[in-house]
Each structure stands twice: as C-alpha cells, then as structure tokens.
Number of protein chains: 2
Amino acid sequence: MSSKRVGQSTIMFQNPPAIIGYSSVVGKKEGEGPLSDTFDYINTDTTFGESSWEKAESRMQKDALTIAAQKAGIPISSLEYLFAGDLINQCTSSSFGLREFGVPLVGIFGACSTMAEGLGLAAVMIDGSFSSLCAAITSSHFCSAERQFRTPLEYGSQRTPTTQWTVTGSGAAILSNTGVGPFITHYTVGKIVDLGVKDQNNMGAAMAPAAHSTLSAFFEDTKTSPSDYDLIVTGDLGKYGHELVTDLLRTDGIRFTGNFNDCGLMVFDLEKQDVHGGGSGCGCSAVTLCGKILNSMKSGLLNKVIFAGTGALLSPMTTMQGESVPGICHLVCISTSKEG
Amino acid sequence: MSSKRVGQSTIMFQNPPAIIGYSSVVGKKEGEGPLSDTFDYINTDTTFGESSWEKAESRMQKDALTIAAQKAGIPISSLEYLFAGDLINQCTSSSFGLREFGVPLVGIFGACSTMAEGLGLAAVMIDGSFSSLCAAITSSHFCSAERQFRTPLEYGSQRTPTTQWTVTGSGAAILSNTGVGPFITHYTVGKIVDLGVKDQNNMGAAMAPAAHSTLSAFFEDTKTSPSDYDLIVTGDLGKYGHELVTDLLRTDGIRFTGNFNDCGLMVFDLEKQDVHGGGSGCGCSAVTLCGKILNSMKSGLLNKVIFAGTGALLSPMTTMQGESVPGICHLVCISTSKEG
C-alpha cells in the first residue's frame, strides 16, 4: 500500500475529493456585515422561529445541509456519511439538527476548528474509497454560546477588548469523489498546543500557538511557502490572535504578502459592528468558507487556499479549576486543480 | 478505485488493521467487579491522585494510552493520530489527558459509543493508507458524570431502578497496518434514531432502537446472522435496554443463541454491586473491550466479535427543554482472522 502522507503529519489525497455544494445560513448581525451578499440565507430572528436559541442553532444546521444539498443537486438521502459537531454541550446542535435525515453520522469535536476537521475526515473517507458522497456541517449561535460559556445575556455583562463575538451561523459542504472542484488536496491533523494562556477572554492568543504549529508543519511537509497560495486563512483568531500568529511565523522565517487573513476578521466589520476582537465560534470559519471563500474559488478569483480552522479546547469547568487553554488547528488545503 | 462498502452502510476493510496493544484503567468499584482480573490498573482513589474528578478522568486517559503503548512495545511518539472523545463538556477529559503527548488529535463525539467510533475511524485511516499507527481512547468517571449530568454527589439523590452506574475507567487501543491481530474487519457507522423516549434515567431504552438499527443494518449488509459470531456485545444498554433490543431484533427474525451480551451487564455484578440497571458511560464498553473481550480473543476463547457501542445524544439542557433522547450505535466487527 502506498503512503498518502507527506512529511511528518500531512495527508496528501491521491484523488482529491470535490466540493460539489456548500451553503451558509446566518443571523441578523452577520447579514449586516461585509460578507452579507455571500450568504445563502439570512434570518433576522435570533430564534429562527424556534422556541430556544439552542433549537435555533440546530435549525441552522438543518437548513444549511438542506440548502447545500439543493445547490449540489442531490437528495440528502444520497449522502453516505455526515461529519458534524459543535460547541454546545454534548454536541446537541448537531445531533438534534441532523437527526431527522437518517444519514449515518460521525460525530466530531474540534471546537471552532470543526469545519476544517470535518472536511478533512470526509475527504479521508472519500479518497480512501470508503464513500463517494459525504457532508461536513457545523454551527454556532451567539446567544447559546454566551449562555453556556459566559453569562446569560440578560446580565448585560461588559466585554473585555480582547473578547470575540460568536458568529450566529451554520456552514455545510458536500464532498464527492467526482466533480469539477474545488478539491480538498491536503489535510494536516492538528496537535494540541498549550503555552499556558489562561485568559478565557482572549481565545485568539490561546489558539495562535496551535495555528503556528499546524501552518509550520504544513509548509514544511509540503515544501511550500505562503507565496504558493492565493489565500491563507485561519479560523477565528481575531485581531489579537492574528497578530500573534503572524509574529510567531515571522520568527520562523515564514512571511506573507498580503495573502494572510482570518475568518474572524472577514466576517464582521470590526470598526462598525462593535465585535471587539472579531468573530469566533464554529460557525465563523464555516460560513466564511461556505460563502465568500468558495464563491471566490468558483469564480476564479482564488485558486489555492489554505483553510486552517482553530479551536480552543477549554470548558467553563476547566477555567474554574485553574487550567490554561489548550488550542488545536486542523488545516485543509483547497485548490481549483486536482494537482493541488 | 474499488469500493470498500458492503450493503447500504457497512465498511469492509480490505487490509484489516490489527490491534497491537490495548489497556484498561479503572476505579475501585470496577476493580471489585467480575472483570477485576482483566484490568491493567485499578486505582482505589477516586481522584487518581489529582485535585478534581475531572482531572482524574484526564489522568485515566493518559495512563491508559501509556500502558497500551507499553504493551504494544512502541513509544507514544510513534503514533500518527489519536482518536479520542468523552462526555465531559467540550470533551476536556480527552484534550487535557492527551495534550502532553504532542500527537495529532482527531476529536470525536459519540457519547458512550465513542470507543467503537474511534476504532472505526482509526481503522479507516489505516486501511485507507493514510496512516500505519493510530490509537483510540475514551473515558468516563462516575463522579464527574454525576456532577455534570445529574446532581452533585453531595446531594445524595435517590436513583431510579432503571438508572445505570457510570463506569470509572478509560480504555485505549492501538491499531497498526501490521500485526497478528485481532483485526478490525468492518465498521458500520450509526444513524441517529429517536423513538421519543424522554426518561433521562432510562438511557438503555433510549439507546436500544439505535442498537437495533445498526445491528440490523450490519447483519443485512454482511449477509450474516448472530450464529456466525462468538460474541455480540452492545455498549451500555444495561438490563432494560438489553431486553428491549433483544425483543426488537426478535421481531425481525434475528435470534441469539446465548452469545448476545452488553458491556453494562458484564462490567458489574448487578445483584451484589447496587448498580441498578448496569454500567454505562464511555468507559463502560471501552474497559470491557480493552480487557475481558480482547484478552479472550488473544487467548483463542473468542474468534469473531461484534462490538456495538451505544450512545445517548442528550444533554441536561435538551432534557430541560423537553426534548426526547436520540441514540446512536457505532459497530465494529473484530476477528482473529484477517478474512473476517
């Protein structure tokens, strides 16, 4: 059996799976942001017509997968596996949002890196000839996240300047063993990196070392540099985390030429939308990818993109117990060409 | 590329990965049960020397992986991917337990079916030629689970007769593309099944329909019947769930000949240990597999085993919001022969 690994930790797909459909479903604030015209569905009701914010988050996943399947021109019942997860306790946004479809479900957990992890695993399933049609889905909701991780919204707690704003949104992408692309060409599975950051209001700083680790590994494994890509985008490091990882990579001699960005900086207008450090949450990178980025690849504006989802692996309990915040970064490389 | 699927939803591995090492780490009560002499490490201190039950659970994962690697005769640093998850919020038992190893981590969520899901995905990674050496790990802890899902232990709440007792334990298994076996020959990814059970104190009943769904799918896909296996074991349905799934399968014409059991019934002595419905938790099926069952396969007492992990996809929040309890069942078939 030939190996499909390059370097220490990167998978290079032999027959890169194609993204044949994708969609993004978001809330009001995201719909007022700079990516407004790239979303498939904007609902200005924070509950999406449901009786709780948690049910609203499940509803977004259901809607995102439904629209992605429509855009791909396939029935959901033809999907062989779903890869889904989220940050609500016990991943219930995914389980309840997707339960009615009757498609085998691989539950995953990567905190805010979930979209990249799901795409990577779905690509493994397809390139390994275990499946011909899979989907990756995730979500987050500002109100369900605040209630669970911080304080109930009704308290009106003040936010620190480094705080990020959880994106209300869900992204879904459908992968196939045939199609015209874009294609998933590589997957670098992240390692847990923990440099001891304990400020749960500065997730960007906690996740930046993980992004540094995975991006460094990817460039080394593939013997490429930032100039080989049209866009290198991290998940949701926000303003402060993005500055940090840029500095960390610069010390390794890795420099960017205006092609390094972060979904947390793209999804909101930081000046006008009062989101402090930028966007965050599983939905942040998911809706930015399944809207702006993939649209730009379909239209030929971007050809090679590194999508590096970033996740903070904490819980309110671990913070209360005095723990630091471990980070992880899962990376997929997406190209309009099968040759990468 | 040839398909590696049989029937509607079962993966049949072409070069079945070998389990080259495994271990089980448990607490005092498990160490007093019928499987006592099959565990690698029994610690009678519920905190495992740590400062909280949550940290104890992380510690068990760390110890289980360390011992499994020792038994396999490999350094942990040679592992290419870890597949791990648990039921503590945001899967922190896994993230904190495994963070020091520096091995790329695929976070998964399957509730109490996590061990089967992890084994299935690790086998996909290896059989697909993406890796030659992976591990699957999970855990649960009675005290951390009670605190999170039910009431703090200090309240001394009374338990209903259908309640199950969360196993304090962690299991780890190491999979390789070479070795003498046992081998993972098949993986059936579970679908979410929700028949509307709302009693969070009767998880076995909630999960039984999912076990029915996956076991039926597996027998149909592989054109086999229970008599083709030495042991068919579900994860943690306990006494009531086991009776239910036996009935459900009987209505389909699927009958057992004394070879159908449940890890929740094997791990404790239900008469003597006051565990009501039996054992439960991610650790329940993990320590039963990574002790009694794999020992029996190594010694030739069992040759073909169906290991069907069962998970209840609820959270305290979904129960408070009036939701029912969706279930899922991930199944792997394990054989002492590569030919299945």
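Residues numbered from 1 in each chain as written. Chains lettered and ligands numbered in written order. Predicted model: local features only at pLDDT ≥ 70, side-chain atom pairs only at ≥ 80, totals over all residues. Heavy atoms only, no water.

1. Remarks on the overall build of chain A
Short version of the rule: A run of H or I in DSSP becomes a helix once it reaches four residues, and a run of E becomes a strand once it reaches two; helices and strands are each numbered from the N terminus. The globule rule used here is 2.2 Å times the number of residues to the 0.38 power, and the radius of gyration it is set against is calculated over C-alpha atoms. To sort residues, take the accessible area from a 1.4 Å probe on protein chains only and compare it with the maximum for the residue type: under 20% means buried, over 50% means exposed, and anything in between is partly exposed. Contacts are residue-level and defined by heavy atoms, with any inter-residue pair within 4.5 Å sufficient. Every accessible area reported is derived by Shrake-Rupley at a probe size of 1.4 Å, with residue values counting cover from the shown protein chains alone.
Helix and strand counts for chain A stand at ten helices and 15 strands. Expected size for 340 residues packed as a compact globule is a radius of gyration near 20 Å; at 18 Å, chain A falls within 12% of this value. Judged by the C-alpha coordinates and their principal axes, chain A covers about 55 × 50 × 35 Å. The 340 residues of chain A split such that 66% are buried. The long-range share in chain A, meaning contacts at least 24 apart out of those at least 6 apart in sequence, stands at 77%. Accessible surface for chain A amounts to roughly 11,000 Å². Of this, 50% is attributable to carbon and sulfur atoms.

2. Considerations on the relation of the copies chain B and chain A
Here is the rule: Only residues with pLDDT of at least 70 in both copies contribute their C-alpha atoms to the least-squares superposition of the copies.
For the pair chain B and chain A, the superposition axis carries a translation of 0.0 Å, the fit reaches an RMSD of 0.0 Å, and the rotation angle comes to 180 degrees. What we have between these two chains is a two-fold relation.

3. A closer look at the pairing of strand β9 (residues 169–176) of chain B
All names here are of chain B. Threshold: A pair of strands is labelled paired if DSSP reports no fewer than 2 bridges between them.
Burial runs high along β9: eight of the eight residues are buried. The side-chain alternation of β9 yields two buried faces, one formed by Gly169, Gly171, Ala173 and Leu175 and the other by Ser170, Ala172, Ile174 and Ser176. The sheet contact formed by strand β7 (residues 133–140) and β9 spans eight bridges and is antiparallel. Bridged to threonine 138 within β9 is glycine 171.

4. Overview of the packing of aromatic side chains
Definition in use: Two aromatic rings from Phe, Tyr or Trp, using only the six-membered ring of Trp, form a pair when their centres are within 6.5 Å; if the ring planes differ by under 30 degrees the pair is stacked, by over 60 it is edge-to-face, and anything between is tilted. For a Lys NZ or an Arg CZ to count as sitting over a ring, it must be within 6 Å of the ring centre and within 35 degrees of the ring normal.
For the structure on display, the rule yields 14 aromatic pairs over all chains. When the ring of Phe130(A) is compared with that of Phe13(B), the centres are 5.9 Å apart and the planes differ by 70 degrees; the resulting orientation is edge-to-face. Within this pair, whereas Phe130(A) is found in the loop between α4 (114–127) and β7 (133–140), its partner Phe13(B) is found in the loop between β2 (10–12) and β3 (18–26), the two belonging to separate chains. Residue Phe130(A) shares its accessibility class with Phe13(B), and that shared class is buried. Ring centres of Phe142(B) and Trp165(B) lie 3.9 Å apart, and the angle between their planes is 0 degrees; this geometry places the pair in the stacked category. With a gap of 23 residues between them, Phe142(B) in helix α5 (residues 142–149) and Trp165(B) in strand β8 (residues 165–166) connect regions that are remote in the sequence. We note Lys71(A) situated over the ring of Tyr22(A); from NZ or CZ to the ring centre the distance is 4.5 Å.

5. Things to note about the pairing of strand β5 (residues 81–86) of chain A
All names here are of chain A. Most of β5 sits inside the fold, with six of its six residues counted as buried. Residues of β5 alternate between two faces, with Tyr81, Phe83 and Gly85 on one and Leu82, Ala84 and Asp86 on the opposite face, all of them buried. Bridge count between β5 and β7: six bridges; the pairing is parallel. Residue pairing for β7: alanine 84 is matched across the bridge by isoleucine 137. Summarising the sheet, β5 and strand β6 (residues 105–107) pair through three bridges and their orientation is parallel. The residue bridging phenylalanine 83 from the neighbouring strand is valine 106, located in β6.

6. Topic: the pattern of salt bridges
To be explicit about the condition: Within this document, salt bridges are pairs made up of a side-chain nitrogen of Lys or Arg and a carboxyl oxygen of Asp or Glu, the two lying within 4 Å of each other.
Per the counting criterion, the structure on display carries 28 salt bridges over all chains. A cluster of three or more residues bridged by salt bridges with shared partners is formed by Lys55(A), Arg99(A), Asp194(B) and Glu323(B).

7. Remarks on unusual backbone geometry
In this structure, the amide linkage connecting Gly181(A) to the following residue, Pro182(A), adopts the cis form with an omega of 5 degrees. As for its position among the elements, Pro182(A) is in the loop between β9 (169–176) and β10 (183–188). Although it is not a glycine, Ser129(B) sits at a positive phi angle of roughly 70 degrees. Positionally, Ser129(B) belongs in the loop between α4 (114–127) and β7. The buried category is assigned to Ser129(B), whose relative accessible area is 13%.

8. As for the side chain of Glu80(B)
On the secondary structure map, Glu80(B) appears in the loop between α2 (53–72) and β5 (81–86). Those residues in contact with Glu80(B) that sit more than four places away from it in its chain are Arg5(A), Val103(B), Pro104(B), Ser131(B), Ser132(B) and Leu133(B).

9. Details of the layout of surface pockets
Heads up, the rule is: Lining residues are those with an atom within 4 Å of a point, where the points come from a 1 Å grid over the protein atoms alone and group into cavities, where a 1.4 Å probe fits but cannot get out, or pockets, open sets with protein on both sides within 12 Å along at least five of seven lines. Grid points are joined across faces, edges and corners, and a volume is the space filled by probe spheres set on the points. Classification convention: Asp, Glu, Lys, Arg as charged; Ala, Val, Leu, Ile, Met, Phe, Trp, Tyr, Cys, Pro as nonpolar; all other residues, Gly among them, as polar.
Considered as a void within the structure, the largest pocket measures approximately 490 Å³ in volume. Contributing to the lining of the largest pocket are 17 residues, with Asn89(A), Gln148(A), Asn89(B), Gln148(B) and Pro316(B) lying nearest its centre. Elements supplying a minimum of two residues to the lining of the largest pocket: α5 (142–149) and α10 (316–320) of chain A together with α5 and α10 (316–320) of chain B. Tallied by class, the residues present in the lining of the largest pocket amount to seven nonpolar, eight polar and two charged.

10. Remarks on the nonpolar core
Filter applied, for reference: Here, nonpolar core means buried Ala, Val, Leu, Ile, Met, Phe, Trp, Tyr and Cys residues that are tied together by side-chain atoms lying within 4.5 Å of each other.
Residues Leu119(A), Phe307(A), Leu119(B) and Phe307(B) are the most contacted members of the largest nonpolar core, which totals 106 residues. Here Phe307(B) is in contact with Met115(B), Ala116(B), Leu119(B), Val233(B), Cys263(B), Ser285(B), Leu289(B), His330(B), Leu331(B), Val332(B) and Ile334(B), once residues within four sequence places are set aside. Listed in part, the 70 residues of the second largest apolar core include Ala56(A), Ile137(A), Phe48(B) and Ala172(B).

11. Overview of the side chain of Ser139(A)
Residues and elements named next belong to chain A. Quick reminder of the rule: We call two N or O atoms a polar contact when they sit within 3.5 Å, provided that within protein one can donate a hydrogen and the other can accept it, with sequence-adjacent residues counted only if both atoms are side-chain atoms.
As for its placement among the helices and strands, serine 139 is situated in strand β7. Separated by 2.9 Å, the side chains of serine 139 and glutamate 57 make a polar contact. Beyond its immediate sequence surroundings of up to four residues, serine 139 is in contact with Glu57, Gln61, Gly85, Asp86, Ser93, Gly169, Ser170, Cys282 and Gly283.

12. Notes on the packing of α4(A) against helix α9 (residues 282–298) of chain A
Residues and elements named next belong to chain A. Under the convention used in this document: Angles run from 0 to 180 degrees between N-to-C directions of axes, and those axes are lines fitted to C-alpha atoms, restricted for helices to the stretch in contact. Any angle that is under 35 degrees is reported as roughly parallel, and any over 145 degrees as roughly antiparallel; angles of 65 to 115 degrees are reported as roughly perpendicular and all others as oblique.
For the pair α4 and α9, interaxial distance at closest approach is 7 Å and the crossing angle is 60 degrees. Taken as axis vectors, α4 and α9 run oblique relative to one another. Contacts from Thr114, Met115 and Leu119 of α4 reach α9 at Cys282, Ser285, Ala286, Leu289 and Cys290. By residue class, the composition of the contact of α4 with α9 is six nonpolar, two polar and no charged.

13. Remarks on the state of the cysteines
All names here are of chain A. Filter applied, for reference: Cysteine sulfur atoms that pair up within 2.5 Å are treated as a disulfide.
Enumeration over the complete set of coordinates arrives at zero disulfides over all chains. Not engaged in a disulfide, the cysteine cysteine 329 finds its nearest cysteine sulfur in cysteine 263; these two sulfurs lie 11 Å apart. Given the relative accessible area of 0%, cysteine 329 is considered buried.

It is worth stressing that arrangement in space is one thing and function is another; only the former is reported here.
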